[in-house]
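# Structural characterization, general
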Amino acid sequence: MAPANQPDHPTGIDFGGSGIKAAAVDLETGDFASERVRVDTPQPATPDAVAEAMVELLAQLPDSGGPVGVTVPGVVRHGVVHSAANIDKAWIGTDADALFTRATGRDVHVVNDADAAGLAEVRYGAARGQRGLVIVTTLGTGIGSAMVHDGVLVPNSELGHLEIDGHNAESRAANSAREREELSWETWAKRLRRYYSTLEALFSPDLIVVGGGVSKHSDEFLPLIGIDTPLVPATLRNKAGIVGAALVAERELRD
Ligand code: BGC
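Not measured: the values here are computed from a predicted model.

### Describing the pairing of strand S5 (residues 68–72)
Across the five residues that make up S5, a large majority, five, are buried. Two elements, strand S1 (residues 11–15) and S5, share four bridges in a ladder whose sense is parallel. Considered in S5, the bridge of Thr-11 is made with Val-68. As paired elements, S5 and strand S8 (residues 108–112) share five bridges and run parallel to each other. Opposite Gly-69, over in S8, you have His-109 as the bridge partner.

Below, the structure is given as structure tokens:
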């Protein structure tokens, strides 16, 4: 592991529903270059409360001075959050880049959470070396998606909100729907089959990666989905958001 005090290691921050987690990341390897630190997500998780929590979090990583990337579970265009399906509505219209940069005194860039996970899986994880179109999905409270073609991200694809059979797809097929409705793996897999076969028909991807916390149980449901496109579990697990956010921080610095 590289020493944590190398100033050029970017820091990734993963802003989730229950915790906000951060680590410095060695982009050569995709490994953490510091310990991983965490604070509870403030309730309600308004932009100002989250900015304060981030200051507290970064104070726990005093040696990491590089740029900072932050995941947000919503549409992010040029630093501004444009949707808030599963987060406090106050995020809509917030210039999160500017807010977090002001609050922390660091160079901060925000990115959609699934886009961050997608970039990380393509560079270091389950889709490493894959040419063509990769779709990375995260099954959690909602369904996040990242579309990456030959390594290039098309941001904010929001494929969790496709309308399928008259429903917003994530309301039926996210992991939260499985938990809420106490679905068996088999029943949930049928819904996932409907969802993933729609992605297959619309986009003809070369590979689909299934991420989110539930992917650690992928043996229970992935083999039941049965579509033609190769469907593989994410490999970076709960590191993907932090690593992808750090990748974005570094890229923004270069551009
Ligand atoms: C949001 C996406 C997010 C996904 C996963 C969806 O409800 O619209 O922006 O990536 O949830 O958190």
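### Things to note about helix H6 (residues 185–203)
The first and last C-alpha atoms of H6 sit 26 Å apart over 19 residues, in line with the 27 Å expected at 1.5 Å per residue. Taken residue by residue, H6 has Trp-188, Ala-189, Arg-191, Leu-192, Tyr-195, Tyr-196, Thr-198, Leu-199 and Glu-200 as its buried positions. Once H6 ends, the next one or two residues include Ser-204, with phi positive near 45°.

### Overview of the site of the ligand
As a matter of local geometry, the ligand sits amid 13 residues, with Asn-112, Asp-113, Glu-158, His-161 and Glu-170 nearest to it. The side chain of Asn-86 places a nitrogen or oxygen atom 3.0 Å from an oxygen atom of the ligand. The separation between an oxygen atom of the ligand and a polar side-chain atom of Asn-112 is 2.9 Å. For the ligand, whose free accessible area comes to 310 Å², the fraction covered by protein is 93%. Using a 2 Å cut-off from the grid points, one finds that the ligand occupies the largest pocket. Secondary-structure elements contributing two or more residues to the shell around the ligand are helix H3 (113–124) and strand S10 (143–149). Split into classes, the residues belonging to the shell around the ligand amount to five nonpolar, five polar and three charged. The residue makeup of the shell around the ligand includes at least three contributed by each of domain 1 (11–115 + 239–254) and domain 2 (129–234).

### What to know about the sheet that holds strand S9 (residues 133–139)
Taking strand neighbours across the sheet as the criterion, the five strands line up as S11-S10-S9-S14-S15 in an open arrangement whose pairing is mixed. Looking at which strands have only one partner, the edges of the open sheet turn out to be strand S11 (152–154) and strand S15 (231–233). Pairs of neighbouring strands in the sheet enclose a mean axial angle of 30°, with direction left out of account. In this sheet, strand S14 (residues 207–211) lies alongside S9 in parallel orientation, the contact comprising five bridges. Across the sheet, residue Val-134 finds its bridge partner in S14, namely Leu-207. Running over the sheet, H3 touches S9, S10, S11 and S14 and is turned about 45° from S10. Where H6 meets the sheet, its contacts fall on S9, S10, S14 and S15, and the angle it forms with S9 comes to roughly 150°.

### Section: the domain arrangement of the protein
Taken as a whole, the protein is organised into domain 1 (11–115 + 239–254) and domain 2 (129–234). If you average the C-alpha positions of domain 1 and of domain 2, the two centres end up 24 Å apart. Each partner contributes residues to the interface: domain 1 has nine residues there, and domain 2 has twelve residues. Taken together, the two surfaces of domain 1 and domain 2 that pack against each other cover about 780 Å², and 48% of this comes from carbon and sulfur. Its largest share of buried area at the contact with domain 2, domain 1 owes to Asn-86, Ala-114 and Asp-115, together 60% of the area lost on that side. Joining domain 1 to domain 2, the criterion identifies zero salt bridges. Of all the secondary structure elements, the ones that give two or more residues to the side of domain 1 that touches domain 2 are strand S6 (76–77) and H3. By residue class, the composition of the side of domain 1 that touches domain 2 is four nonpolar, three polar and two charged.

Reading guide: rules and limits
Residues numbered from 1 in each chain as written. Predicted model: local features only at pLDDT ≥ 70, side-chain atom pairs only at ≥ 80, totals over all residues. Heavy atoms only, no water. Buried < 20%, exposed > 50% of the residue type's maximum accessible area, 1.4 Å probe, protein only. Helix = DSSP H or I, 4+ residues; strand = E, 2+ residues; numbered from the N terminus. Pairing = 2+ DSSP bridges. Expected span 1.5 Å × (residues − 1). Near = heavy atom within 4 Å. Polar contact = N/O pair within 3.5 Å; in protein donor to acceptor, adjacent residues only side chain to side chain. Areas by Shrake-Rupley, 256 points an atom, 1.4 Å probe, with all protein chains shown as cover. 1 Å grid on protein atoms, 1.4 Å probe; cavity = no way out; pocket = protein on both sides within 12 Å on 5 of 7 lines; lining within 4 Å. Sits in = over half its atoms within 2 Å of the grid points. Nonpolar A, V, L, I, M, F, W, Y, C, P; charged D, E, K, R; others polar. Domains from an automatic or database assignment. Axes fitted to C-alpha atoms, helices over the stretch in contact; angles between N-to-C directions. Contact = heavy atoms within 4.5 Å. Buried area = accessible area lost by both parts, 1.4 Å probe. Salt bridge = Lys/Arg side-chain N within 4 Å of Asp/Glu carboxyl O.

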